[in-house]
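Fold and geometry: a report
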Amino acid sequence: MRPYVFINSAMSADGKISSSLRRQVRISGAEDLRRVDRLRAESDAVMVGVGTVLADDPKLRVKSEILRAWRLESGKPENPWRIVVDSKARTPCSAKVLGDVCILAVSRAANPERLDMLSEKCEVLVCGEEQVDLRALFEMLYARGIRKVMVEGGGTLNWSLIEHGLVDEICVFVGGLVIGGGDAPTLVDGAGFRDEFQKLELISVEPMDDGVLLKWRVLRSA
Ligand code: NAP
């Protein structure tokens, strides 16, 4: 058993989620940022790859006080679990994502000294030999009562999750800008499919800020 998993991302009109400098680019407008905060508040966990932690140093917490209060009233922790997928424990000890209610998912290849340091800042789960075994990780999360996971990138983690059939829905805000660059990260990077492409079913299209919000259901092959 695994949780319901959805990817939420913001990309430019040409499909980039950052520039070739791999630094955070403001793609969303105010309305989309409020929507993302609501989605976080409604999720049991928010997940990113270590590439996003190294590039953006995100906090991954719910920004709205009202939404945090709503979570507490509903008997949930103030913020959803923050999960970093980080096989070799490369997350810096100063990363803003660390703290209470944070899980670092590592593989057996992680350096034990780094694990000792990081385990003082968050919980550490070991799953997988060289790389984090994402299916096993989701089974562990499900066993802890986590039922809804919001994945906030980046393109490498998104690819692995889709490749392994672990994503149920993709929400993308497409902003009114062009970033360009052959090596700028896209919504889904990794090796990519050569044939037998992953099929999606369109759920909704909604104009938002200077762009459009697209929601897709990920179809399972029969
Ligand atoms: P990423 O997808 O965040 O993280 C990838 C890393 O996760 C891998 O290099 C790998 O490093 C680790 N990992 C561990 N187990 C894995 C597994 N089973 N499958 C895949 N990865 C695994 O990094 P990224 O692709 O470099 O993306 C970062 C970029 O995306 C940044 O430029 C950031 O600004 C951008 N971004 C944009 C948005 C947006 O919505 N616009 C959102 C997030 C990020 P190890 O092997 O060392 O573990």
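All of these numbers come straight from a predicted model, not from anything done at the bench.

1. Looking at helix α5 (residues 134-143)
Considered for burial, the residues of α5 that qualify are L134, L137, F138 and L141. Relative to the axis of α5, the buried residues are bounded by an arc of 95° and lie together on one face. For α5, the side-chain oxygen to backbone nitrogen distance between the N-cap and R135 is 3.2 Å, and the N-cap itself is D133. A positive backbone phi angle near 95° is found at G145, which sits one or two residues after α5.

2. Side note on the site of the ligand
Taken together, 27 residues form the shell around the ligand, and within it A10, T52, S87, T156 and S160 come nearest. Here an oxygen atom of the ligand and a backbone polar atom of S87 are 2.7 Å apart. When the ligand is considered free in solution it has 930 Å² of accessible area, and contact with the protein chains removes 88% of it. Among the secondary structure elements, those contributing two or more residues to the shell around the ligand are β1 (4-11), α2 (50-56) and α6 (155-163). For the shell around the ligand, the element with the most residues is α2, which contributes 5 residues. The class makeup of the residues in the shell around the ligand is 9 nonpolar, 12 polar and 6 charged.

Thresholds, definitions, all that
- Residues numbered from 1 in each chain as written.
- Predicted model: local features only at pLDDT ≥ 70, side-chain atom pairs only at ≥ 80, totals over all residues.
- Heavy atoms only, no water.
- Buried < 20%, exposed > 50% of the residue type's maximum accessible area, 1.4 Å probe, protein only.
- Helix = DSSP H or I, 4+ residues; strand = E, 2+ residues; numbered from the N terminus.
- Arc of directions from axis to C-beta.
- Polar contact = N/O pair within 3.5 Å; in protein donor to acceptor, adjacent residues only side chain to side chain.
- Near = heavy atom within 4 Å.
- Areas by Shrake-Rupley, 256 points an atom, 1.4 Å probe, with all protein chains shown as cover.
- Nonpolar A, V, L, I, M, F, W, Y, C, P; charged D, E, K, R; others polar.

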